[in-house]
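Reading the structure
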Amino acid sequence: MRKLCTALLTLVVLISTTTSVEALESKTIERHNGASAYAEWYEINNNATTYTYLSVTETNDGTDIYVSTCTYGPDYWSEKSGYMFTEDDVFSIDKKLNSASLSEINIDVNNWYTGETETMAVKATWTGMGDMSKGSSSYSSQNGDYVWKSSDSSTYRGASVTGSINGMDLGASSYASLSNFKSTYMSMEK
């Protein structure tokens, strides 16, 4: 009788373990580490104001680059923007956020006023300034058997930047920053 009880208990433990393993088969974890640099420029020339924005984000997958320029005046408006992803080694950033650089890249941009597409040659160099700051956040939710969690942490620092589009100097930036980040996403269905 004792052997029968031991055998049944072992069977229950095995079934419970199998169920737990099956529940964990639906668990997904993603981790992303990376770095980014941002810059904004304003230029006023006569009655026209030009705003230029550049962002570069590098992860293990590659580099995302976005650029936009908007020029407006009393009776004039023009906006161009473009995005590209590349696996080429075009962006470098110091781990301590002392400096970063975007090699000259050619990016296709759409003119939202005319509908035409053109290619811009863009490059930039950042120099970190001031103290570094850190931030973090986390989030979790559960809906029935589905659980979702995320956490983010980043270190960022103000910067100065020089840049050019099609060989024309963009002048002093109004805002620029450098950052390192880590993100983790987990989803699980019980």
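Moving on, we get to the layout of surface pockets. In this approach, a probe sized like a water molecule rolls over the atoms, and the result shows the empty space that is left. Taken as a whole, the largest pocket spans an internal volume of roughly 410 Å³. As for the largest pocket, its lining consists of 18 residues, of which Thr50, Thr52, Thr69, Ile165 and Leu170 are closest to the centre. For the lining of the largest pocket, the secondary-structure elements that each account for two or more residues are strand 1 (28-45), strand 2 (48-59), strand 3 (63-73), strand 4 (76-86), strand 7 (117-143) and strand 9 (168-169). Of the residues contributing to the lining of the largest pocket, the split by class is eight nonpolar, six polar and four charged.

For the rest of this paragraph, the subject is the pairing of strand 7. Relative to strand 7, strand 6 (residues 99-111) runs antiparallel, the two being bridged by ten bridges. Looking across to strand 7, one finds that Ser99 is bridged to Thr127. The turn linking strand 6 back onto strand 7 is made up of five residues, and Gly115 within it adopts a positive phi angle of 85°. Pairing analysis gives 19 bridges linking strand 7 to strand 8 (residues 146-165), with the strands arranged antiparallel. Its bridge partner lying in strand 8, Ser141 is registered against Trp148.

Of all residues in the chain, 87% attain a pLDDT of 70 or more, and the chain-wide mean is 85. Here residues 1-24 scores under 50 on pLDDT; set against residues more than four positions off or in separate chains, the count is four contacts.

About the criteria used
- Residues numbered from 1 in each chain as written.
- Predicted model: local features only at pLDDT ≥ 70, side-chain atom pairs only at ≥ 80, totals over all residues.
- Heavy atoms only, no water.
- 1 Å grid on protein atoms, 1.4 Å probe; cavity = no way out; pocket = protein on both sides within 12 Å on 5 of 7 lines; lining within 4 Å.
- Points joined across faces, edges and corners; volume = space filled by probe spheres on them.
- Helix = DSSP H or I, 4+ residues; strand = E, 2+ residues; numbered from the N terminus.
- Nonpolar A, V, L, I, M, F, W, Y, C, P; charged D, E, K, R; others polar.
- Pairing = 2+ DSSP bridges.
- pLDDT = per-residue confidence, 0-100.
- Contact = heavy atoms within 4.5 Å.

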